[in-house]
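Per-entry structural report
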Amino acid sequence: MKKLALVLMVLVLACGVVFAGGKKESVATDTRPTVRLITDATGIDDKSFNAAAWRGILEFYGDTWENQANRGTLYDVVTCQTQDMYIPTLKLAADEGYDLILTTGFTFADALTEVAPQYPDQKFMIVDVNWIGQPNVIEYVYAEEQGSYLVGLAAALQAKEDGVANPKFGFIGGVPGATITKFEMGYIQGIKAIYPDAEIVDYYANDWGKPELAKAQAKNWYDNGVYAIFSAAGGTGNGTIAQAKEYRSQGKNVWAIGVDSDQYAEGVYADGKSAVLTSMVKRVETSAILTLTAIENDSFKAGAVTLDMAADGVDYAKTNNELSAEVMKKVDAAKADINAGKINVIPTYAEALKAGVVPANLGAKDD
């Protein structure tokens with residue numbers, strides 16, 4: 001028995017647990033469902049994707065980032081430092097009897113595909129995956145291309161309003177794959193709606209947690225005339241924001257575009273000034289709240305769910321007061337046209353290439 005306890009302790013430490021306690025006795029007096037969030041190495045402090053999932057959990061329980069009163073009783077989080085810890089961490093959470101186990105990102109797909117059938121009574125949720133197909137797994141995907149179209153359009157309109165001649169635009173991705181491709185395709189189509197011949201450059205870091213890579217690439221591009229860079233790269237993308245902050249504080253007219261969460265605050269470099277022009281807001285928190293509510297109402301239903309712009313799955317941020325009112329007016333009009341089906345944003349590289357709306361030789365991949 002002591003040996004088993006020791007093994008479990010080692011497992012927990014190896015995963016980088018960042019929760020206080022687990023499923024505790026308060027559950028007996030609180031009928032709300034319990035949930036464990038399991039993230040990759042970037043954790044809930046990535047200020048992006050994982051942070052959005054955590055916000056959804058906090059909101060469901062009436063807590064805030066500053067006051068996580070129910071943490072350790074109704075909800076907690078585990079951060080796995082390596083992918084080889086995904087399966088044992090999922091199993092450990094299932095053995096502990098949480099009402100919901102929530103995983104973030106397609107890197108968990110293989111692990112969840114293996115674990116879910118072993119725990120048929122355990123409810124799981126995964127984001128950015130729609131191919132697992134197990135009767136106890138709800139899967140959420142988003143129309144990232146729609147929200148990304150809006151931020152590309154906003155950046156291009158802002159460049160035009162600034163009188164920038166022949167502006168260039170950059171995209172930094174984390175690990176290439178179908179999900180990140182949707183970000184890039186939408187972004188480029190939004191730009192080209194204003195500048196059909198705009199020069200687009202892209203770079204994939206092949207990592208979600210190396211901001212130094214994005215910072216170095218952003219510096220190179222800004223130095224060579226790139227006006228705005230959109231990063232869909234998790235924690236890696238924070239390097240883009242850091243470089244944009246540095247340059248805007250020096251008076252250079254360059255911008256970063258945030259992702260998943262409104263990253264305005266991460267770009268603040270002076271009072272009322274942020275280097276993040278706007279952000280493509282992907283409401284991972286919406287999916288977390290929907291699933292927890294369904295469990296609470298005994299209406300959980302497995303399967304794939306798509307949250308598009310009309311379903312409040314994606315949007316763009318308006319926090320920065322340097323994003324002009326006229327630009328926002330035009331972007332809002334485009335948003336309405338997307339919702340009405342008047343603008344069709346192509347999500348895959350193959351289709352976008354065929355339609356001639358994106359350049360060849362990008363680093364994007366559809367699988």
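Computed from a predicted model, the values in this text were never measured in an experiment.

1. As for the sheet that holds strand E6 (residues 168-173)
The strand order across the open sheet built from six strands is E7-E6-E8-E9-E12-E14, with neighbouring strands paired in mixed fashion. Two strands close off the open sheet at either side, each with one partner strand: strand E7 (199-204) and strand E14 (314-316). Taken pair by pair, the neighbouring strands of this sheet meet at an average axis angle of 15 degrees, ignoring direction. In this sheet, strand E9 (residues 255-260) lies alongside strand E8 (residues 226-232) in parallel orientation, the contact comprising three bridges. The residue of E9 that forms the bridge with Ala228 is Trp255.

2. Let's talk about the sheet that holds strand E5 (residues 137-142)
The parallel open sheet is built from six strands, whose spatial order is E2-E1-E3-E4-E5-E13. Two strands bound the open sheet, and with one partner strand each, they are strand E2 (75-79) and strand E13 (303-307). Within this sheet the neighbouring strands show an average axis-to-axis angle of 20 degrees, counted without direction. As defined by bridge partners, strand E4 (residues 123-127) adjoins E5 across four bridges and the pair is classed as parallel. Looking at E5, one finds that Phe124 is bridged to Val137.

3. What to know about the pairing of strand E12 (residues 276-282)
Of all seven residues making up E12, seven are buried, and the element is well covered by its neighbours. Two strands pair when backbone bridges link them, and E9 and E12 are joined in this way by five bridges, in the parallel orientation. Bridge pairing in E12 places Ala256 opposite Val276. In this structure, E12 lies alongside E14, joined through three bridges in antiparallel fashion. Its bridge partner being in E14, Met280 is matched across the sheet by Tyr316.

4. Quick look at helix H5 (residues 144-161)
With 18 residues, H5 extends 26 Å from end C-alpha to end C-alpha; this agrees with the ideal 26 Å at 1.5 Å per step. Burial of H5 is extensive: 16 of the 18 residues sit out of reach of the surface. Positive phi appears at Gly163, one or two residues downstream of H5, with a value of about 75 degrees.

Cut-off values and rules
Residues numbered from 1 in each chain as written. Predicted model: local features only at pLDDT ≥ 70, side-chain atom pairs only at ≥ 80, totals over all residues. Heavy atoms only, no water. Pairing = 2+ DSSP bridges. Helix = DSSP H or I, 4+ residues; strand = E, 2+ residues; numbered from the N terminus. Axes fitted to C-alpha atoms, helices over the stretch in contact; angles between N-to-C directions. Buried < 20%, exposed > 50% of the residue type's maximum accessible area, 1.4 Å probe, protein only. Expected span 1.5 Å × (residues − 1).

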